[in-house]
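Descriptive analysis of the structure
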Amino acid sequence: MQKSTITQPARINIDSIEALCARKEQLRGELDVVEERMSGIWHEMFRQPTAEELGSPTKRLMATITSASALIDGALLGWKLYRRFGGAKSWFRRRKK
């Protein structure tokens, strides 16, 4: 994955509406490029692996185990948060003063 740094651009003096519109179009083009790059990274991270990548039965089993463990971990986290905040009843009952 590429690592990029964000630098502050030099201060630009805009003295007319045409210059402002040109700068706006330039920035819109840069944003489109960055958005496409981010979209590509997003789809690469959250795509389903192909059959070639999961060629052997062992790799398929490991992918299934990984998905199942992530699902169980999320369920346990949800249960812990539910218990920590007292469940649905605590939101509606009156508190003692």
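Conventions and cut-offs
- Residues numbered from 1 in each chain as written.
- Predicted model: local features only at pLDDT ≥ 70, side-chain atom pairs only at ≥ 80, totals over all residues.
- Heavy atoms only, no water.
- Helix = DSSP H or I, 4+ residues; strand = E, 2+ residues; numbered from the N terminus.
- Areas by Shrake-Rupley, 256 points an atom, 1.4 Å probe, with all protein chains shown as cover.
- Salt bridge = Lys/Arg side-chain N within 4 Å of Asp/Glu carboxyl O.
- Buried < 20%, exposed > 50% of the residue type's maximum accessible area, 1.4 Å probe, protein only.
- pLDDT = per-residue confidence, 0-100.

Structural notes on the overall build of the chain
- Scanning the chain for helices and strands turns up 3 helices and 0 strands.
- When the helices and strands of the chain are read in sequence order from the N terminus, they spell out α-α-α.
- A total accessible area of about 10100 Å² is found for the chain, and carbon and sulfur atoms account for 61% of it.

Some details on the pattern of salt bridges
- Using the criterion set out here, one finds 1 salt bridge in the structure.
- One salt bridge connects E25 with R28, and the closest N-O pair in it is separated by 3.4 Å. Of this pair, E25 and R28 both sit in helix α1 (residues 17–45), separated by 3 residues, roughly a single helical turn.
- Accessibility expressed as a relative area gives 47% for E25, which makes it partly exposed.

Brief notes about the confidence of the model for the chain
- Per-residue confidence for the chain averages 82 on the pLDDT scale, and 79% of its residues sit at or above 70.
- At the level of individual helices and strands, the chain shows its lowest average pLDDT in helix α3 (residues 89–92), which scores 59, and its highest in α1, which scores 92.

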